[in-house]
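Summary of structural features
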Amino acid sequence: MNHTLDSFRSYLKEMNYYSRACTLLSWDMYTATPKLGFQGMADALTFFSTKHFTLSTSDELLSMLEALSVPEEYDQLDEGMKYTVRTMLRDLRKMRRVPKDFFEAFIAEQSLSMQAWEEAKRTSDYSLFAPHLEKLIEMTRQQCAYTDPDRECYDVLLDKYEEGMDSESIDRVFTELRDGLLPLLKKILAHPLPESRIYQGTYDADAQKKVQELLLGYIGFSFEAGTTAESEHPFTSGFSRYDVRVTNHYYEHDPISAMFSAIHEGGHAIFEQNVDPALEGTAADDCCYMGIHESQSRFFENILGRRKSFWVPVYSRIQELLPDLKDIPLDEFVQEINHVRNSFIRTQADEVTYCLHIILRYEMEQEIFRNHASVDSLPALWNEKMQKYLNLTPENDSEGILQDMHWSDASFGYFPSYLLGNIYDGMFLEAMEKDLGPIDPLLESGQIHLCREWLNEKIHKYGCLRLPREVIANVCGQELSAAPLLRYFTDKYTKICGLE
Ligand SMILES: [Zn+2]
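Residue positions are given per chain, counting from 1 as you read along its sequence in written order. The predicted origin of the model limits local features to residues at a pLDDT of at least 70 and limits the giving and counting of side-chain atom pairs to 80 or more, whereas totals for whole chains, interfaces and linings rest on all residues.

1. Details of the overall build of the protein chain
The secondary structure content of the protein chain amounts to 22 helices and three strands. Over its C-alpha trace the protein chain gives a radius of gyration of 23 Å, about what one expects of a compact globule, namely 23 Å for 500 residues. Each of the three principal axes of the protein chain carries a C-alpha extent, and together these read 65 × 50 × 45 Å. The exposure label follows from counting other C-beta atoms within 10 Å of a residue's C-beta, where the C-beta atoms are placed from the backbone and the thresholds are 20 or more for buried and 12 or fewer for exposed, leaving partly exposed in between. Here the protein chain holds 500 residues, and the buried ones make up 37% of them. Here a helix means four or more residues in a row that DSSP labels H or I, a strand means two or more in a row labelled E, and each is numbered from the N terminus. The size measure is the radius of gyration over C-alpha atoms, and the globule rule it meets is 2.2 Å times the number of residues to the 0.38 power.

So this is what it looks like as structure tokens:
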């Protein structure tokens, strides 16, 4: 037993080195690689991913996992190792059904497709991306047919990002949310807020970087176990709890975008930096459930970050760093960060209409994978849904179907996890206030660490030991429901917009 466990631990280490190489290459591709160097990095990434794939599907690994999964061995493992053996054996059996040539071709196509999407988005020419999208959809179906021949493809995809959340549960909560949200949104939009003067100012990128550092430190990001860089789209990249990196993007006339990206990505990073150290080196040491992960970034970004009380301890310091905010009183700033408007771009949407952007994408993915909608029909279908939910029709595909990168690397099934994150947050907020009392006085008196520690204790430390459903049951003591999020929206906007 000890011998197998030791060999298994060294094997995991070796796999970890390959996956670090992959993470580092993609980090570099998005933050530093020049245009002409991209292909070289993409080739190297394919090489290291293939190595990692080979290790994760080898006969040697299979026999170690089988040896460790017999009851008398398995029962002696610690929790992190039990999780590792169980999930790796399951995934290995699935992945061994995927031919190596197919896997390599799929990774290579994702790189090509990403480049095609960038060009298509830049020139707003969907026809450049369409053939790649078609290929990726076909290959995704093929991959599902290899790994899970008995299950419906879209359910397999949803499971990949949020294990155990099937389309039946998602349909139920998304419908509950949509039906409550549309009438509320109508009321909110009938009481428009004044346009803010914030965007008339000019905000130096270096000063915005300092604001990002201030905000990251304020919410509890550890700079000893993390660093920052710039990229076109903000993201978080984790190597281990000791090295979690976040990126940001700065806009000259919009300081709010980078502030909220800092808080959002910081929320992801804080999660990873606070996983129980005992889980290090196991497969449970970061959170692989995207909805739960998103719930943490969004808890900081929306539930905490859009309250006046969050800004009270830091706003004057931000005004010092960004002099053009000096004329903007805190109340005006807070009004603007809660300004609800129908808009085209998901990543710029407010927290209310954001939900509809995701419901639209969920429905699009269902059209693709369940109803076999043709790739050519997708832009018109997108625009139809934009009109239905947000009363807008995009002028071109860049601000329509081409806006997100997710489909360019075959991350189908990922979008719903964003909205699940929001729905979980409504539930977490109620649970947190039950334990800590109202959070506004805590935030206002500079005790944001109490909220963070609550999240550390209830959610972060477990990594991915608990399935999303188990997290909800343990933290909230009830079934998944959109009702708390709807209550949060209704209470908040009744006050902000003076609704009856
Ligand atoms: Zn996120």
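Resuming the write-up.
2. Overview of the pairing of strand 3 (residues 243–248)
Burial of strand 3 is extensive: five of the six residues sit out of reach of the surface. Bridging between strand 1 (residues 226–230) and strand 3 involves five bridges; their strand directions are parallel. When the bridges of strand 3 are listed, G226 appears paired with V244. Sheet analysis places strand 2 (residues 236–240) next to strand 3, joined by four bridges and oriented antiparallel. When the bridges of strand 3 are listed, T236 appears paired with V246. DSSP calls a pair of strands paired once it identifies at least 2 bridges connecting them.

3. Comments concerning the domain arrangement of the protein chain
Where each domain starts and ends follows an automatic or database-derived domain assignment. In terms of domains, the protein chain is made up of domain 1 (2–151) and domain 2 (152–500). On a C-alpha basis, the centres of domain 1 and domain 2 stand 26 Å from each other. Each residue is represented by a C-beta atom placed from its backbone, and any two residues with such atoms within 7 Å are regarded as in contact. Contacts between the two partners involve 34 residues from domain 1, matched on the other side by 34 residues from domain 2. Of all the elements in the fold, those that place two or more residues in the side of domain 1 that touches domain 2 are helix 1 (2–31), helix 5 (79–95), helix 6 (100–123) and helix 7 (126–147). Examining the composition of the side of domain 1 that touches domain 2, we find that eleven residues originate from one element, helix 7, more than from any other. In this classification, the charged set is Asp, Glu, Lys and Arg, the nonpolar set is Ala, Val, Leu, Ile, Met, Phe, Trp, Tyr, Cys and Pro, and all remaining amino acids, among them Gly, are polar. Class assignment for the residues of the side of domain 1 that touches domain 2 results in 16 nonpolar, ten polar and eight charged.

4. Details of the packing of helix 9 (residues 167–189) against helix 22 (residues 483–496)
For the pair helix 9 and helix 22, interaxial distance at closest approach is 10 Å and the crossing angle is 10°. Between helix 9 and helix 22, the angle is such that the two are roughly parallel. Residues L177, G180, L184 and I188 of helix 9 lie in contact with helix 22, whose contacting residues are L485, L486, F489, T490 and Y493. Its residues assigned to classes, the contact of helix 9 with helix 22 shows seven nonpolar, two polar and no charged. Note on geometry: axes are lines fitted to C-alpha atoms, helical ones only across the stretch in contact, with angles between N-to-C directions running from 0 to 180 degrees. With respect to orientation, any angle under 35 degrees is reported as roughly parallel, any angle over 145 as roughly antiparallel, any angle of 65 to 115 as roughly perpendicular, and every other angle as oblique.

5. A look at helix 6
A helix is expected to span 1.5 Å for every residue after the first. Taking 1.5 Å of rise per residue, 24 residues should cover 34 Å, and helix 6 covers 35 Å from first to last C-alpha, within 8% of that figure. Among the residues making up helix 6, those that are buried are Q110, S113, W117, A120 and K121. As for helix 6, its buried residues are in contact with helix 7. Looking one or two residues past helix 6, S124 carries a phi angle of roughly 50°, positive in sign.

6. Some points on the sheet that holds strand 1
Taken in spatial order, the three strands line up as 1-3-2 in an open sheet, and their pairing is mixed. Edge strands, defined here as strands with exactly one partner in the open sheet, are strand 1 and strand 2. Ignoring which end each strand starts from, the neighbouring axes of this sheet average 20° apart. Where helix 1 meets the sheet, its contacts fall on strand 1, strand 2 and strand 3, and the angle it forms with strand 2 comes to roughly 155°. Contacts from helix 11 (residues 255–273) reach strand 1, strand 2 and strand 3, with the element oriented near 165° to strand 3.

7. So, the environment of T57
Summarising the element assignment, T57 is placed in the loop between helix 2 (38–56) and helix 3 (59–68). The class for T57 is partly exposed, based on 19 C-beta atoms found within 10 Å. Dropping the residues within four chain positions of it, T57 is found in contact with L92, M95 and R96.

8. A word on unusual backbone geometry
Glycine aside, residues mostly have negative phi angles, and peptide bonds mostly take the trans form. The phi dihedral of S124 falls on the positive side, at around 50°, and the residue is not glycine. Positionally, S124 belongs in the loop between helix 6 and helix 7. Of the residues examined, S124 has 15 C-beta atoms within 10 Å and is grouped as partly exposed. In this structure, A410 takes a positive phi of about 65° despite not being glycine. With respect to the helices and strands, the residue A410 is situated in the loop between helix 17 (378–390) and helix 18 (415–436). What makes A410 buried here is the crowd of 23 C-beta atoms within 10 Å.

9. Re the environment of Y242
For Y242, the position within the fold is in the loop between strand 2 and strand 3. Distance from Y242 to G226, taken between C-alpha atoms, is 7.0 Å for residues 16 residues apart in sequence.

10. Structural notes on the nonpolar core
Counting residues in hydrophobic clusters, the biggest one holds 115 residues, and the most contacted among them are I219, C355 and I359. If near-sequence neighbours (up to four positions away) are discounted, I219 is found in contact with I263, G266, I270, F300, I448 and R452. Nonpolar core, as used here: buried Ala, Val, Leu, Ile, Met, Phe, Trp, Tyr and Cys residues forming one set through C-beta atoms within 7 Å.

11. Points about the packing of helix 2 against helix 6
It is the contact of helix 2 with helix 6, at a shortest axis distance of 10 Å, that shows an interaxial angle of 150°. Classed by the angle they form, the pair helix 2 and helix 6 counts as roughly antiparallel. In the packing of helix 2 onto helix 6, the handedness of the crossing is right-handed. Judged by residue contacts, A42, T46, S49, T50 and F53 of helix 2 engage F103, E104, I107, A108 and S111 from helix 6. The residue makeup of the contact of helix 2 with helix 6, split by class, is five nonpolar, four polar and one charged. Left-handed describes a crossing in which the near helix is turned anticlockwise from the far one by less than a right angle; the clockwise case is right-handed.

12. Observations concerning helix 10 (residues 205–219)
Owing to its 3.6 residues per turn, the α-helix brings residues three or four apart onto one side. For helix 10, which comprises 15 residues, the first-to-last C-alpha distance of 21 Å matches the rise-based estimate of 21 Å (1.5 Å per residue) to within 8%. Its buried side turned inward, helix 10 meets strand 1, strand 3, helix 11, helix 12 (290–304), helix 14 (315–321) and helix 20 (448–458). Trailing helix 10 by a residue or two, G220 shows a phi angle of about 110°, which is positive.

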